[in-house]
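Chain by chain, the residues:
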Amino acid sequence: MRGIWLEDGALSLRDRLECPKVNRGEALVKVTLAGICNTDLELVRGYYPYTGILGHEFVGTIVEAPSQPSRVGSRVVGEINVVCGACEYCAAGLSNHCAERSVLGIVGRDGAFAEFLRLPLENLIELPPAVSDEAAVFVEPLAAALQIREQVHLKPEHRVLLIGAGKLGQLIGRVLAPVVSELVVVARHSAQVELLEKVGVKVIDEAIIGERSIDVVVEASGSSSGLDLALKAVKPRGTIVLKSTYAGKASLDCSRIVVDEVTLIGSRCGPFRPAIELLGKGVIDPTDMVIGRYGLAQGLEAFKAASERGALKVLLEPGDVRGNM
Ligand SMILES: [Zn+2]
Ligand SMILES: [Zn+2]
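Residues numbered from 1 in each chain as written. Chains lettered and ligands numbered in written order. Predicted model: local features only at pLDDT ≥ 70, side-chain atom pairs only at ≥ 80, totals over all residues.

Caption draft 1: Highlighting the overall build of the chain. For the chain, the helix and strand inventory stands at 11 helices and 18 strands. Taken over the C-alpha trace, the chain has a radius of gyration of 20 Å; the compact-globule value for 325 residues is 20 Å, and the two agree within 12%. Dimensions along the principal axes, computed over C-alpha positions, put the chain at roughly 55 × 45 × 40 Å. In the chain, which comprises 325 residues, the share counted as buried stands at 45%. Taking the intrachain contacts of the chain between residues at least 6 apart in sequence as the baseline, contacts between residues at least 24 apart amount to 68%. (Helix = DSSP H or I, 4+ residues; strand = E, 2+ residues; numbered from the N terminus. Rg over C-alpha atoms; globule rule 2.2 N^0.38 Å. Buried ≥ 20, exposed ≤ 12 C-beta atoms within 10 Å, placed from the backbone. Contact = placed C-beta atoms within 7 Å.)

So this is what it looks like as structure tokens:
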């Protein structure tokens, strides 16, 4: 099969990859659409040494499920952490932190930028007809945005600042706006600003953000200047949520964290079902973020488009006939 392979920081399009063989309890999924996310771009830059097929945001159809054949034909999205079910974290209900986990397209498991992928059946969630493929490909990042609401007790009176309005920032803005009275966003690119304003989220100039004026800051820019701004803006006893992975190390003024007793929270994957529900009800429609669709044959061009400064969501269509000729 065809897929996009990462090895030693170099991406390549490979035509003769072996189609995955499903293990007990797993399903083979034919990928319909997959999204390129900043984590993919960071993996190419080397934030974590990964060799294999990239990609973890997808929607597809189950084509093989030996232990549950009735599920063949289901249109699904998939939780990306594949866990052992037996370790200390799994036992505590924190299976996303399973010590033995593999993660689709990120850690020890081939990903979604290919014609087929394999995942345990328990990871695959069937989609209601109301969620289109183009919306469903956002379930994983939308769930990651929703994780902030799981981790931080947001109160209506909180002033919230979101730094960064890229692929993930757009979703975070849409998820936080309805639950706090004041959300302001720092965005650098006009297309990002336009989309946020269209959904009623206020974008402001970072120069007018007062020092120690914000209750909860969400850092989603992945830049060290974003971290500096977060630290400047947060109130004493306030919270900073880190939502980006950083290639390399970021520097941080730790004295400020100590003196002002700032809480720093790392935040990664989130709950899929609430994300599917928000998409199904049309509460959030992320499809306006799509800036391009490419067949796998144009996969490297797709990565180039996704890496442009300020680029929003680029999708890959592994089954696209034009792309596979
Ligand atoms: Zn992602
Ligand atoms: Zn485990």
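Caption draft 2: Examining the nonpolar core more closely. Membership of the largest hydrophobic core comes to 98 residues, with the highest contact counts inside it found for L142, L162, I172, V217 and L279. Every residue in contact with L142, bar those within four places of it in the chain, is listed here: L171, A275, L278, L279, I284 and P286. (Core = buried A, V, L, I, M, F, W, Y, C linked by C-beta atoms within 7 Å.)

Caption draft 3: The packing of helix α4 (residues 139-151) against helix α5 (residues 167-176), seen in detail. The geometry of α4 relative to α5 is characterised by a closest axis approach of 9 Å and an angle of 50° between their N-to-C directions. Relative to α5, the element α4 is oriented oblique. α5 is crossed by α4, and the crossing has right-handed handedness. On α5, the residues that touch P141, L142, A144, A145, L146, I148 and R149 of α4 are K167, L168, L171, I172, V175 and L176. A breakdown of the residues in the contact of α4 with α5 according to their chemical character gives 11 nonpolar, no polar and two charged. (Axes fitted to C-alpha atoms, helices over the stretch in contact; angles between N-to-C directions. Parallel < 35°, antiparallel > 145°, perpendicular 65-115°, else oblique. Left-handed = near helix turned anticlockwise from the far one by under 90°. Nonpolar A, V, L, I, M, F, W, Y, C, P; charged D, E, K, R; others polar.)

Caption draft 4: Local environment of the pairing of strand β2 (residues 10-14). In terms of strand pairing, strand β1 (residues 3-7) meets β2 through five bridges, oriented antiparallel. By the bridge assignment for β2, L6 is matched with L11. Connecting β1 to the next strand, β2, in antiparallel fashion are two residues, including D8 with a positive phi near 50°. (Pairing = 2+ DSSP bridges.)

Caption draft 5: Summary view of unusual backbone geometry. Despite not being glycine, R212 shows a phi value in the positive range, around 50°. Within the secondary structure, R212 is located in the loop between β13 (202-203) and β14 (214-219). Backbone geometry at R237 places phi at a positive 70°, although glycine is not the residue there. Structurally, R237 is set in strand β15 (residues 234-242). Judged by the 10 C-beta atoms lying within 10 Å of it, R237 is exposed.

Caption draft 6: Structural context of the sheet that holds strand β16 (residues 263-266). With respect to topology, six strands assemble into an open sheet ordered β13-β12-β11-β14-β15-β16, the strand pairing being parallel. Since the sheet does not close on itself, it has two edges, and those belong to β13 and β16, each with one partner. With four bridges joining them, β15 and β16 adopt parallel strand pairing. By the bridge assignment for β16, L242 is matched with G266.

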